[in-house]
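Residue strings, one per chain:
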Amino acid sequence: MTAGDRIRNTQLFLFDMDGTLYLENDLYDFTKELLSVIRESGRRYLFVTNNSSKSVKDYIVKLEKLGIAAEYDDFLTSTQAVAYYLKLHHADARLYVCGTESLKEELRREGFIVTEELEKTDCIIMGNDTELTFQKLYDVSKLLHTRPGIPYVATNLDYVCPTSFGSVPDCGSMCDMLYNVSKRRPISVGKPSPLMPQLAMERTGIDAAHTAMVGDRIYTDVKSGLNAGVLAVLVMSGETTQEILKESEDQPDLVLESAACILSALKNEDVN
Ligand SMILES: [Mg+2]
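Sequence order as written defines the numbering, with residues in each chain counted from 1. Since the coordinates come from a predicted model, pLDDT governs what is reported: local features require at least 70, and pairs of side-chain atoms require 80 or more to be given and counted, while whole-chain, interface and lining totals use all residues.

**Q** What should I look at first to understand the pairing of strand β13 (residues 211-215) in this one?
**A** Among the five residues of β13, five are classified as buried, and the element is accordingly described as predominantly covered. To sort residues by burial, count the other C-beta atoms lying within 10 Å of each one's C-beta; a count of 20 or more means buried, 12 or fewer means exposed, and anything in between means partly exposed. C-beta atoms are built from the backbone. The secondary structure listing takes helices from DSSP runs of H or I that are at least 4 residues long and strands from runs of E that are at least 2 residues long, numbered from the N terminus. A two-sided burial pattern is seen for β13, the buried positions comprising Thr211, Met213 and Gly215 on one face and Ala212 and Val214 on the other. In short, DSSP must find at least two bridges between two strands for them to pair. Relative to β13, strand β1 (residues 12-15) runs parallel, the two sharing four bridges. Among the inter-strand pairings, leucine 12 is bridged to a residue of β13, identified as threonine 211. When the strands point away from the viewer, a crossover counts as right-handed if the path from the first strand over the helix to the second runs clockwise. Each parallel crossover has a hand, and for β13 linked through helix α9 (residues 218-228) to strand β14 (residues 231-235) it is right-handed.

**Q** In this structure, what is going on with the packing of helix α6 (residues 134-146) against helix α7 (residues 171-182)? I would like to understand it.
**A** When two helices pack together, their arrangement is given by the angle between the helix axes and the distance between those axes. Orientation is described by lines fitted to C-alpha atoms, with helices fitted over the stretch in contact, and by angles between N-to-C directions that extend from 0 to 180 degrees. Closest axis-to-axis distance for the α6/α7 pair is 10 Å, and the angle between their directions is 45°. Judged on the interaxial angle alone, α7 and α6 are oblique. Taken as a pair, α6 and α7 cross one another with a handedness that is right-handed. Counting all contacts with α6, which are made through Leu137, Val140, Ser141, Leu144 and His145, the residues of α7 involved are Met177, Leu178, Val181 and Ser182. Three categories are distinguished: nonpolar for Ala, Val, Leu, Ile, Met, Phe, Trp, Tyr, Cys and Pro, charged for Asp, Glu, Lys and Arg, and polar for the others, with Gly belonging to the last. Grouping the amino acids of the contact of α6 with α7 by side-chain chemistry returns six nonpolar, three polar and no charged. Angular relationships are summarised with four words: roughly parallel below 35 degrees, roughly antiparallel beyond 145, roughly perpendicular across 65 to 115, and oblique for the angles in between. Should the near helix be turned anticlockwise from the far one by less than a right angle, the crossing is termed left-handed; should it be turned clockwise, right-handed. Contact between two residues is assigned when their C-beta atoms, built from the backbone, lie within 7 Å.

**Q** Help me out: how do you make sense of the nonpolar core in this one?
**A** The nonpolar side chains of soluble globular proteins are, as a tendency, buried together. In this structure, Leu14, Phe15, Ile125, Val214, Val233 and Ile262 are the most contacted members of the largest nonpolar core, which totals 69 residues. Looking at which domains feed residues into this core, each of domain 1 (3-50 + 191-266) and domain 2 (91-188) gives three or more. Excluding anything up to four places from it in sequence, valine 233 contacts Ala212, Met213, Val214, Pro252, Asp253, Leu254 and Leu256. Defined on buried residues, the nonpolar core groups Ala, Val, Leu, Ile, Met, Phe, Trp, Tyr and Cys residues joined through C-beta atoms within 7 Å. Segmentation into domains, and thus their bounds, comes from an automatic or database assignment.

**Q** Quick question: what am I supposed to make of helix α4 (residues 78-89) here?
**A** Along an α-helix, residues three or four positions apart point the same way, because every turn accommodates 3.6 residues. By definition here, a helix of n residues has an expected span of 1.5 Å times n minus one. With 12 residues, α4 extends 16 Å from end C-alpha to end C-alpha; this agrees with the ideal 16 Å at 1.5 Å per step. Among the residues of α4, those classed as buried are Ser78, Thr79, Gln80, Ala81, Val82, Tyr85 and Leu86. If you follow the buried residues of α4, they end up packed against β4 (44-49), β5 (75-77), α5 (101-109), β8 (123-126), β9 (152-154) and α8 (195-204).

**Q** Mind showing me how you'd approach the domain arrangement of the chain here?
**A** Each assigned domain of the chain is listed here: domain 1 (3-50 + 191-266) and domain 2 (91-188). A straight line from the C-alpha centre of domain 1 to that of domain 2 covers 28 Å. Residue-level contacts link six residues of domain 1 with six residues of domain 2.

**Q** Explain the packing of α4 against α8 here, please?
**A** Two elements in contact, α4 and α8, have axes whose closest approach is 10 Å; the angle formed by their N-to-C orientations is 80°. Our classification of the angle between α4 and α8 gives roughly perpendicular. Along the contact surface, α4 presents Ala81, Tyr84 and Tyr85, while α8 presents Leu195, Met196 and Leu199. Its residues assigned to classes, the contact of α4 with α8 shows six nonpolar, no polar and no charged.

Set out below in structure tokens:
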């Protein structure tokens, strides 16, 4: 199949956001048309994000500001993936959350008890904690030391989160600090785990043969697509350089200059 055919064969597009549909606060010029052409053709899309510091509501506001109308069901976040994972494996666990208030709030809304009392904790949740304090690191260290085997789950393991000036530490870097004191690494539900694409397919009823994961990072976006057995599409509009691509062990199924190539394919124009 040609690249164009593989794109046209796709019924469900899972889009990473930053670096794929916009760059920080600048929407790419093709994004609006791309999203409406996908919908008009009867296909589906979901926005997939590892960032657990923001709630879906925050993302709806962000996209609205960029001129894109979105609703709750258009998103798949690593917070939703944590809730999905916990319901499967630790349904009644009381959670110590090293994460933002917004992460705690979403987990409570999913029916979980969030506690700061260590003796009442059954499971540790790590998020992209932009409200991190030393007390939280202290508490998690204590739990990891005094409660061997306690379930330990991270929303994502990205090392850095992009900003206008470069980057700041993300959840993976915080988990590395805790690895240094405990030698334990959490289970991660965000990309590159296949869990989010799997949850997306379960939610939409569309199978792996007709699903594509599209993103600008190999070690999260592309890898989650590969792990889930869907079409793994790398776009070169974000952080991946030709050099990174060449050296990567994980090779995408398709490499596109940007997601504009998807729009071209769906309009039956040449790709790339
Ligand atoms: Mg990205």
